[in-house]
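# Coordinates in review
Here is how the chains run, residue by residue.
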Amino acid sequence: MTCENPIGFETLVAYWLGEVPEKREAMLEEHLLSCAYCTGRLEGLAALASGVRAAVKDGKVSMVVSEPFVEAMKQAGLCLREYRLEPGGSLNCTIRAEDDAVISRIRAPLAGVKRLDVVRMRGGGEPEVRFADVPFDAETGEVLMIPSAAWLKTMPAFTMRMRLIAVGEAGEKQIGDYTFNHSPSREPGS
Ligand SMILES: [Zn+2]
């Protein structure tokens, strides 16, 4: 099973992240319908991302992925900007035109956690979007968030707060709050 003109991995990832323009998306979907080879590769990608596409489609703004997904993006040669954030921390972040994606490594004590939810909050602290049962790595203590690059590149300066919540039989436990102070990148000469 092969394909004469396989969809590039970078394009597959962009398609998966929902960042392909509509017209191109329709073309890709047509190809995928008639190509078992590329569909198989897309399914491989889906497996790496552990079925989080639903969250992207709903939230439209960001997704949570697994480490193998990030590794696959790197191997495909995507230009990634990575940030690391400890509980209670805040950082200044940006995205440049040449960045394909921004990865936020949200650090947290996750030993023993069975289910983890991520809540994005408005400025006043009220919950805005909740991603339930996201993938996380208890051993490294990291949650990997990827905001939509297409969306981020259109954004002016803004502040976003995220909260991690462990959900167990005994109820919910706040693990940490994280603040991202985003500013648009200043291109040289502009
Ligand atoms: Zn194909």
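How each quantity is defined
Residues numbered from 1 in each chain as written. Predicted model: local features only at pLDDT ≥ 70, side-chain atom pairs only at ≥ 80, totals over all residues. Heavy atoms only, no water. Helix = DSSP H or I, 4+ residues; strand = E, 2+ residues; numbered from the N terminus. Buried < 20%, exposed > 50% of the residue type's maximum accessible area, 1.4 Å probe, protein only. Areas by Shrake-Rupley, 256 points an atom, 1.4 Å probe, with all protein chains shown as cover. Lys, Arg positive; Asp, Glu negative; His and termini not counted. Charge placed at Lys NZ, Arg CZ, Asp CG, Glu CD. Pairing = 2+ DSSP bridges. Axes fitted to C-alpha atoms, helices over the stretch in contact; angles between N-to-C directions. Donors = N, O, S within 2.8 Å, 3.2 Å for Na, K, Ca; no water. Tetrahedral: all angles 85-135°; square planar, octahedral: opposite > 155°, others 65-115°. Polar contact = N/O pair within 3.5 Å; in protein donor to acceptor, adjacent residues only side chain to side chain. Contact = heavy atoms within 4.5 Å. Core = buried A, V, L, I, M, F, W, Y, C linked by side-chain atoms within 4.5 Å.

A word on the overall build of the protein chain. Broken down by element type, the protein chain carries 6 helices and 9 strands. By principal-axis analysis of the C-alpha atoms, the protein chain measures approximately 50 × 50 × 25 Å. Classification of the 190 residues of the protein chain by burial places 44% in the buried group. When the accessible surface of the protein chain is totalled, it reaches about 10100 Å², and 51% of it is carbon and sulfur. Side-chain charges in the protein chain split into 22 positive and 27 negative, and the spacing between the mean points of these groups amounts to 4 Å.

Turning next to the sheet that holds strand β9 (residues 171–182). The strand order β3-β9-β8-β5-β6 describes an open sheet built from 5 strands, whose pairing is mixed. The sheet is open, and its two borders are formed by β3 (90–93) and β6 (127–131), each paired with just one other strand. Strand-to-strand twist in this sheet, taken as the mean axis angle between neighbours without regard to direction, amounts to 25 degrees.

Take the coordination of the zinc ion next. By definition of the ideal shapes, a tetrahedral metal site with four donors has angles of 109.5 degrees and an octahedral site with six donors has angles of 90 or 180 degrees. Donor atoms from the polypeptide that bind the zinc ion are C3 (SG), H31 (NE2), C35 (SG) and C38 (SG), placed at 2.1 to 2.4 Å. Coordination at the zinc ion is tetrahedral, judged from the 4 donor atoms that bind it and the angles of 102 to 113 degrees they form at the metal. If you list the donors of the zinc ion from N- to C-terminus, the spacing comes out as C-x27-H-x3-C-x2-C. Residue C3 is found in the segment before α1 (9–16), and its partner H31 is found in helix α2 (residues 22–34); the two are separated by 28 residues along the sequence.

Here we take up the side chain of R105. You can see R105 is positioned in strand β4 (residues 101–107). For R105, the side chain forms a polar contact with the side chain of E67, separated by 2.9 Å. Excluding anything up to four places from it in sequence, R105 contacts E67, V70, K74, E82, Y83, R84, L85, E142, V143 and L144.

Moving on: unusual backbone geometry. One can expect most non-glycine residues to show negative phi and most peptide bonds to be in trans. Located in the positive-phi region is D133, a residue other than glycine, with phi close to 55 degrees. As for its placement among the helices and strands, D133 is situated in the loop between β6 and β7 (142–147).

It is worth spelling out the nonpolar core at this point. Core analysis: the biggest nonpolar cluster contains 27 residues, and L116, V118, V143, M145, L164, I175 and F180 have the highest contact counts within it. Those elements giving two or more residues to this core turn out to be β2 (80–85), β3, β4, β5 (115–121), β7, α6 (149–152), β8 (158–168) and β9. If you tally residues by element for this core, the top one is β8, at 5 residues.

This part takes up the pairing of β7. Counting buried positions along β7 yields 6 of 6 residues, so the element is predominantly enclosed. Here β7 shows no split at all, with E142, L144 and I146 on one side and V143, M145 and P147 on the other all buried. When β4 meets β7, the two strands line up antiparallel, connected through 4 bridges. Looking across to β7, one finds that I106 is bridged to V143.

Next up on the list: the environment of G168. Following the sequence through the fold, G168 ends up in strand β8. For the pair G168 and S34, spaced 134 residues apart in sequence, the C-alpha to C-alpha distance is 44 Å.

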